[in-house]
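Architecture and fold: a report
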Amino acid sequence: MDKNGRIKGKFSIIDIAVIVLVIAVIAGIVIRFGSGVTSAVTSDVTFKYTVKVNGVREFTVKGLEKKGYITDKKSTEKIGEIQSVEVSEAKIQSTTANGTIEWSTLPDRYQCVVTIIADGRESEDGYLLNDTTELSVGRNVDLITKYVKTSGDIISVEVID
């Protein structure tokens, strides 16, 4: 080390620390996103899944009732078709001043239970649509049709093939 803190006049300890840090970051990225063990797709199947859309206006209800195809976010690939739509009043849970929980109706808002048929893949880890959307109960998904764009929570998934 010379009087300026450089090893053989070329590298300082800070230079070496930065190089080690960059190598560690690159190694972390390779390990995280590298081609590790992935679950194999076991089969192509057809799914029937149900999505609950809550608190929507009449315009959205009418758009869903026209049925049609569900597309991906870019509206380029058909990823399912609406089979049925069940409509009811939207309810919200609220707590009263004395601490009891009550359900009240939201005025001019509706709840839709939308049944969709879609092709996808079944793997060891679960179900995937052709656009790689994972189908699992509780997951929030976008419903984009020619007439409406909304989102809801998956309440059931069933393989029908």
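The following refers to the structure shown. (Residues numbered from 1 in each chain as written. Predicted model: local features only at pLDDT ≥ 70, side-chain atom pairs only at ≥ 80, totals over all residues. Heavy atoms only, no water.)

1. A few points about the pairing of strand β6 (residues 101-123)
- In this structure, strand β5 (residues 78-95) lies alongside β6, joined through 13 bridges in antiparallel fashion. Bridge pairing in β6 places glutamate 89 opposite tyrosine 110.
- In this antiparallel pair of consecutive strands, β5 and β6, the connection spans 5 residues, and glycine 99 shows a positive phi of 95°.
- In this sheet, strand β7 (residues 127-129) lies alongside β6 in antiparallel orientation, the contact comprising 3 bridges. Residue pairing across strands places arginine 121 opposite leucine 128, the latter belonging to β7.
- Joining the antiparallel neighbours β6 and β7 is a turn of 3 residues, in which glycine 126 adopts a positive phi near 155°. (Pairing = 2+ DSSP bridges. Helix = DSSP H or I, 4+ residues; strand = E, 2+ residues; numbered from the N terminus.)

2. Overview of the packing of aromatic side chains
- Across all of its chains, the model carries 1 aromatic pair by this definition.
- Residue placement shows lysine 78 over the ring face of tyrosine 69; its charged tip is 4.2 Å from the ring centre. (Phe/Tyr/Trp six-rings, centres within 6.5 Å; stacked < 30°, edge-to-face > 60°. Lys NZ or Arg CZ within 6 Å of the ring centre and 35° of its normal.)

3. Points about helix α2 (residues 58-65)
- Listing the buried residues of α2 in full gives Thr60, Val61, Gly63 and Leu64. Within α2, the buried residues cover an arc of 165° as seen down the axis, which keeps them to one side.
- Two residues or fewer past α2, lysine 67 is found with a positive phi of approximately 60°. (Buried < 20%, exposed > 50% of the residue type's maximum accessible area, 1.4 Å probe, protein only. Arc of directions from axis to C-beta.)

4. A short note on the nonpolar core
- Residues Tyr49, Val51, Cys112, Val114 and Ile116 are the most contacted members of the largest nonpolar core, which totals 22 residues.
- Put simply, the parts of the chain that give this core at least two residues each are β3 (41-56), α2, β5, β6 and β9 (140-144).
- Setting aside its immediate chain neighbours within four residues, tyrosine 49 contacts Val114, Thr115, Ile116, Ala118, Leu129, Leu135, Ile154, Ser156 and Val157. (Core = buried A, V, L, I, M, F, W, Y, C linked by side-chain atoms within 4.5 Å. Contact = heavy atoms within 4.5 Å.)

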